[in-house]
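# Examination of the molecular architecture
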2 protein chains.
Amino acid sequence: MVQWVYSFGDGFAEGKAEMKNLLGGKGANLAEMCSLGLPVPPGFTITTEVCTHYYQNGKTYHPDLKKQVDAALAKMEKALGLKFGDAKNPLLVSVRSGARASMPGMMDTVLNLGLNDATAEGLAKNSGNPRFAYDSYRRFIQMYSDVVLELDHYHFEEILELKKNELGIKLDTQLTEADLKDLVVRYKEKVQEELGSPFPESPEEQMWGAIGAVFGSWMSARAITYRKLQDIPENWGTAVNVQSMVFGNMGEDCATGVAFTRDPSTGEKIFFGEYLVNAQGEDVVAGIRTPQSITLEGKKRSGSKLPAMEEVLPPVYQDLVKVYQKLEAHYKDMQDIEFTVQKNKLWMLQTRNGKRTAPAAIRIAVEMAKEGLITKEEAIKRVDPASLDQLLHPTLDPKATKKIIAKGLPASPGAASGKIVFTAEDAEKAAAENKKVILVRLETSPEDIHGMHAAQGILTARGGMTSHAAVVARGMGKPCVSGASELQIDFKNRKCKAGSTELKEGDLITINGSTGEVILGEVPTIQPNLSGDFAELMEWADAVRILKVRTNAETPLDASTARKFGAEGIGLCRTEHMFFDAERIIAVREMILAKDVTGRKAALAKILPMQRKDFEEIFTIMKGLPVTIRLLDPPLHEFLPHTQAEMEEVSKAAKVDIETIKQRAIALKEENPMLGHRGCRLGITYPEIYEMQARAIFEAVIAVGDNVLPEIMIPLVMHPKELEILKAKIDAVAEEVFKKAGKKHAYLIGTMIELPRAALLADKIAESAEFFSFGTNDLTQTTLGISRDDSTNFIQPYLEQGIIEKDPFVQLDEEGVGQLIEIAVERGRKTRKDIKLGICGEHGGNPASIHFCARIGMDYVSCSPFRVPIARLAAAQAALANKTAKKKAA
Amino acid sequence: MVQWVYSFGDGFAEGKAEMKNLLGGKGANLAEMCSLGLPVPPGFTITTEVCTHYYQNGKTYHPDLKKQVDAALAKMEKALGLKFGDAKNPLLVSVRSGARASMPGMMDTVLNLGLNDATAEGLAKNSGNPRFAYDSYRRFIQMYSDVVLELDHYHFEEILELKKNELGIKLDTQLTEADLKDLVVRYKEKVQEELGSPFPESPEEQMWGAIGAVFGSWMSARAITYRKLQDIPENWGTAVNVQSMVFGNMGEDCATGVAFTRDPSTGEKIFFGEYLVNAQGEDVVAGIRTPQSITLEGKKRSGSKLPAMEEVLPPVYQDLVKVYQKLEAHYKDMQDIEFTVQKNKLWMLQTRNGKRTAPAAIRIAVEMAKEGLITKEEAIKRVDPASLDQLLHPTLDPKATKKIIAKGLPASPGAASGKIVFTAEDAEKAAAENKKVILVRLETSPEDIHGMHAAQGILTARGGMTSHAAVVARGMGKPCVSGASELQIDFKNRKCKAGSTELKEGDLITINGSTGEVILGEVPTIQPNLSGDFAELMEWADAVRILKVRTNAETPLDASTARKFGAEGIGLCRTEHMFFDAERIIAVREMILAKDVTGRKAALAKILPMQRKDFEEIFTIMKGLPVTIRLLDPPLHEFLPHTQAEMEEVSKAAKVDIETIKQRAIALKEENPMLGHRGCRLGITYPEIYEMQARAIFEAVIAVGDNVLPEIMIPLVMHPKELEILKAKIDAVAEEVFKKAGKKHAYLIGTMIELPRAALLADKIAESAEFFSFGTNDLTQTTLGISRDDSTNFIQPYLEQGIIEKDPFVQLDEEGVGQLIEIAVERGRKTRKDIKLGICGEHGGNPASIHFCARIGMDYVSCSPFRVPIARLAAAQAALANKTAKKKAA
């Protein structure tokens, strides 16, 4: 019999932390905490397999499930001496989701489940606090109706508002037991009225309703969006946790809180958290009341005047400290914990590896390794390479004059400027138009995620460091300032006021997520500091990685930046980018418009010295590291003049009349330029172009001296003969230049593998090619038959419909394109054992794709300068993963 | 020791017919004729391996060659009692090329080699005809100078003209022995003057010079062009035949001629040839003198008044008849023979399988099979499938009024109309502009081949049925009228006169190559007759072939034509072609311009009945044969209105303002539409389009009844899920339609394999696909990264530079695209053993590509209606070839 249900509680658990896939993160960790002897309210977990079974069987459960749930419930009742649905000693439970990966705010929760008219009375008696009991009851009805019965909560808020008006009161706390009892009646009438059936009185019916709602929410639109953004496969499913209620809102000796064992923003080794007295858990994260610091240190740092838990509940605080230390030591990672204090007793509701910013991830990993808690290898694995992006981009220049108009919490580090928008929809629209915006909200909710993704940064008026906005922004690596309470938002009129400053939609502001500052206008930025923990971790990474990391660069600035970021050479220097320079474009156009070889050669002679100078500069910067230079690749018409003025300019320089220029432009026009007369096809049909480029390279080599490693790359090869012919021509130029200079110099000639045919014929191409560089952009375009420029209209729907899991231009399509690469690697090496293999498409900076490159044994990846550190770390992780895989295989 | 030289003559030969690859066609057949006991002037063949060795070793010979040539020469001398270079009994030789495949007119020949002042005198004495001897000598100097020393013949013609003017004579025949001797002196002076060195007196030097010239001519531009057109690999090389001279020009008891053992134009079993008395062989084919018929029957049929050889030289004629019958019986094929009569003795100079027209090839093959000379299988192999093209296209309507302005020889059958051009260059230029032209020449030469290729037909004023123009045109399958002597061409002024009719460049004429008529203007044509020998051969072919042959058709006309040509189904019915109909395009445009699904559905509802009617018609015509219908494939913008008028039309019909239409057109514009939002990507993003098409198909199925076999094809699939999703939608429509109709009907759903990724993932795609149809046009475009529309600028230079051997859009690139197809076939079958496999790209009608399809075990090929018979025959040949290959392997 399949075990669908796992019990925990009372120092014992059927599950454990390793069973995350089955029990979800929350369930596994609740079980683990029980086994560690920590105080956890008893309960049980319905496994993720139930979810999968549910969706595979037309939303039905396996017949065994009910029996197992009943048995688990009986265990809880026994442990607590309470009974589910019992009027005297009622057991109340929470029902929560718990997927394998944490999905904050995405799944629905029901608290206080088990309450009805009879059990509410029992709770009133047992707790000695009837007001609390009936407040819990009316909250339960609202929550259950919203989440399970899909009856929007505004119905109940209206009734509450009406009641308060009738009573002439303003605060919920002014409601009496009788008022609350009356609200319960009115709430239930509303349910009957809206749904045509009564609110379920049976606790069992309530429980199964809630379980079904959790499973249902797995396929809600917002859950689907989150999974897509976070790369969570749909078939993982969610578990359901049914747990006995503990109450942080029974009185002043009760509290609820969340905490991190280290600072999730900076990584500093400091206990860090927030709590609220007399509150339920949701109150802290919902951002409705501003939470207080748990520690005195935290209180001091935040400048808050509200008392810390350390002061208010000292003994419970001491218990909490022991618990968090035990948890961090046990899990060997920074923990994000949730707890409730019920009548001075600490109950642990959750522990999980805490989300953190990139700098925090690095600091925690490096410090834990130094503390001996984890190994250096483990530290390398702990940091998500993609998250480094946040560290590598500029931050605000501290010397710049800043007009600070508001201050909030530094919820997610980094700085961003943009125009104000007030809705997620507007943010998304602006992003589609390439406009930079800051999303300004009172607080955020899961419905805003797509807008947060589209914005440069997020600014909220309410909520703490653990609010939805803060947690999600940190996960996304977006700057966020939360709880900027001075901010008054007039949503309707699309404006807001920050102190005395009036702002409207479209006004430019800057936020600094590392300080919490909100600044008027755009602020200049400075380059990030890459020393300290970052440098140390990168050093460790470099020590284990096998893949070399190069950069795609053609300007001296890019080359220097990449060197600073640790690039070990240039993997792609696109010579055509050098042609667009204002000075040169005229000569380039002259070349294209020339009637014959003689005319082309005359124009090329003008370009030669400029190209030579480019190469001299780059060779000098790269100090003997390999530099792969790709000869001219794009179709010639890309260089043609467009405006009348441009045409006149060229007409003068080239001594060609305008009509001829226009006609030539028409003649060069192509239906599908991506598949047109470009790449080495230009080299074959206009050999003088590649000859000039080769000459510029070799003359630069001679000029710069010995410390140069040029690799000449021929693009768009589809046939071995193309390469053979062009290699012969380049060799001839080299011989001529070297003879004239009286000295020789080593160089390599190789090719891009960017057409399926080239991959398939790699064995023959390798006869001439000394290296292959996989041009995965074009290889993806041709293998999938997708023009990148035209793909938006269907790639988005394809992602939404789950036809493809990732944009193939972002993450390498291993299943398709990957097959061709593997074929080419195998066949290339068969012909030339020591052939150098690298990748220079955009995928060279994508961690998953880097893993692929490492797995198939490439020599290097090449990516844009800012992605170099990401690639270095990803390459190290790939090397570790391959080592583990090999060990397992052995 | 390698044998580089093979002797023959005197009833003995070292070689034989099977050694064609080594000895070339001519050499192998000379050897074979010797072995058959036929009268062949003794000689020897230098093998093709010498040619290959020559080009692989910097144009040098193997050291053994000279020894072997000397020995062979000694054998000739012994056989004839003559001596090379001897003043008394000089041996004279011809030096001729002889490649593996016949290349008429392409290779250079030197006759009378061995003559110098001393041997000429010897020849004069021995022949008793000094005039003949010195005429031969001066001809030899001119020919040798032209071919070997590269001194143009006009130098000598000038001298000759001058001499005749000095003498006041008009004809060469009026020159005396003394005049000719003087010419020899002047010719030699000219050589000394032009080249700075004397004409070689040494016969040995002459011979080696001529041998070198033959090898040199293998790489001449015209030879390279011919090889490209005729698919002859460069590395085959040519042999050199050195043979003792026999003379047809020694007097009135001498003659020379060429003949075919059957009529090469019709295939009729009749001995057919031309000869000239007192002439050298080249005179017949050069077209300078109009040759006479060999047989009386031939004389009668041509209406000639010149005496037949049968009358003039009856005993020699009888010898010739015995020889030709022996040769045909021996070679079991129609022979093209060359002979010379020297003083009433017949000498055979050549035999080879004769070139023939397509109707002749079929008739000869079928009749020979019926005669029991060859098997039916052999008959099938004898006909070049590509040549059938000539038979399948319309001929002149015999009832049409025709203004015949000239009459020539029916040199190559078929009819063609076009504008007059007078040079090969103009013909080529016109073809590039898609203009139809008739190339009009005095006579043609190898330099004209590219122009003949470009023209619709060829008309010459001079030359017989075996002239260059006639032979080459038949090989190309182009209509040709030769020797239309009424034609007076004023080349300089680009006009000509046919009798009283004045014609100028650009005037329309029609030629009928089957009758020799030249007609003013364009003449209506009629469909070809496909019965008789053709039908019989096709029946035999159908009996042996395994591949099915379908057609690409979407109109009732195309479908009927294809059925008549033997199509066994439709392999590709392109539904979008049905959308361009004038009535429909408005509704289609309305659909594209619709703002939302509702609007699109409304427009689609208008298209539905029209699509259903299309399918009903086609299903009816195809009478239960399978019909593969491809759902909408091209990008939507292809259907958008372009002109203002079209836009207004749509604007009215769709109730959308013009501005919106223009904006939508801009929005739909793509950078690379070939790789854009098309194919099943439309089906995924606008499911209502495919749903409408599926509905039209299924409703048509119901309407037509039981005798229907629909196969629904999804284009441009790159991911298994695309097909899975669309299949489900189509199945749902089928279920709905069938439910409503109250009856079910079988259908298949499959996919195009036209992207590399689809080929690579064929195993997964085959989970949903019931058939694969290889869309080799797009698969070639993506695998090679070549846009067919943009390829002309580099495909032509690639062919010229020998980078690729064939245009990959004409003949399947087996090395690249073929690999992907083989992968897909293997993986597709792995998942679904009985998956139906076919090809529907242009390659489906290309014989070489059909062989590939047969070899890898496809089920069918599909091609345009007119290519169906070609495909049937090619498929039969492929089946026979595979049978042979299997036998060999066993």
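A tally of regular secondary structure across chain A gives 35 helices and 34 strands. The C-alpha atoms of chain A give 32 Å as radius of gyration, which agrees with the globular expectation for 890 residues (29 Å, within 12%). By its C-alpha atoms, chain A is 105 × 65 × 50 Å across when sized along the principal axes. For chain A, buried positions account for 58% of its 890 residues. On chain A, roughly 35400 Å² of surface is accessible, and the fraction owed to carbon and sulfur atoms is 51%. Each charge class in chain A can be summarised by its mean position, and for the 111 positive and 120 negative side chains these summaries are 4 Å apart.

Right, let's get into the relation of the copies chain A and chain B. It takes a turn of 180° to lay chain A on chain B, together with a shift of 0.2 Å along the axis; the resulting RMSD is 0.2 Å. These values place the two chain copies in the arrangement generated by a two-fold rotation axis. Residue N672 of chain A, judged by its C-alpha, is the member of chain A lying nearest the rotation axis, at 2.1 Å. Most of the interface of chain A is mirrored in chain B: 100% of its interface residues are interface residues there too.

Counting residues at the interface gives 46 residues for chain A and 46 residues for chain B. Summed over the shared surface of chain A and chain B, the number is six salt bridges. Those elements giving two or more residues to the side of chain A that touches chain B turn out to be α26 (680-685), α28 (720-741), α29 (756-760), α31 (776-784), α32 (792-800) and α33 (817-831) of chain A.

Residues and elements named next belong to chain A. In this fold, R382 is placed in helix α15 (residues 376-382). For R382 and Q877, which are 495 residues apart along the polypeptide, the C-alpha to C-alpha distance reads 9.3 Å. In contact with R382, other than residues within four places in its own chain, are Y331, K332, D333, A365, M368 and I374. Polar contacts involving the side chain of R382 include one to the main-chain carbonyl oxygen of K332, which spans 2.7 Å.

All names here are of chain A. Running from amino to carboxyl end, α31 crosses α33 at an angle of 120°, the nearest separation of the two axes being 9 Å. The two elements α31 and α33 meet at a crossing, and its hand is right-handed. Residues T776, L779, T780, T783 and L784 of α31 form the contact with α33, whose own contacting residues are V817, L820 and I821. Partitioning the contact of α31 with α33 into residue classes produces five nonpolar, three polar and no charged.

Quick look at the pairing of strand β23 (residues 501-504) of chain A now. All names here are of chain A. Burial along β23 is one-sided: the residues T501 and L503 are buried and none of E502 and K504 is. Pairing geometry for strand β22 (residues 495-498) and β23, over four bridges, is antiparallel. Following the sheet pairing, K497 is matched in β23 by E502. Counted between consecutive antiparallel strands, the loop separating β22 from β23 contains two residues, among which G499 sits at a positive phi close to 60°.

Parameters at a glance
- Residues numbered from 1 in each chain as written.
- Chains lettered and ligands numbered in written order.
- Predicted model: local features only at pLDDT ≥ 70, side-chain atom pairs only at ≥ 80, totals over all residues.
- Heavy atoms only, no water.
- Helix = DSSP H or I, 4+ residues; strand = E, 2+ residues; numbered from the N terminus.
- Rg over C-alpha atoms; globule rule 2.2 N^0.38 Å.
- Buried < 20%, exposed > 50% of the residue type's maximum accessible area, 1.4 Å probe, protein only.
- Areas by Shrake-Rupley, 256 points an atom, 1.4 Å probe, with all protein chains shown as cover.
- Lys, Arg positive; Asp, Glu negative; His and termini not counted.
- Charge placed at Lys NZ, Arg CZ, Asp CG, Glu CD.
- Least-squares fit on C-alpha atoms with pLDDT ≥ 70 in both.
- Contact = heavy atoms within 4.5 Å.
- Salt bridge = Lys/Arg side-chain N within 4 Å of Asp/Glu carboxyl O.
- Polar contact = N/O pair within 3.5 Å; in protein donor to acceptor, adjacent residues only side chain to side chain.
- Axes fitted to C-alpha atoms, helices over the stretch in contact; angles between N-to-C directions.
- Left-handed = near helix turned anticlockwise from the far one by under 90°.
- Nonpolar A, V, L, I, M, F, W, Y, C, P; charged D, E, K, R; others polar.
- Pairing = 2+ DSSP bridges.

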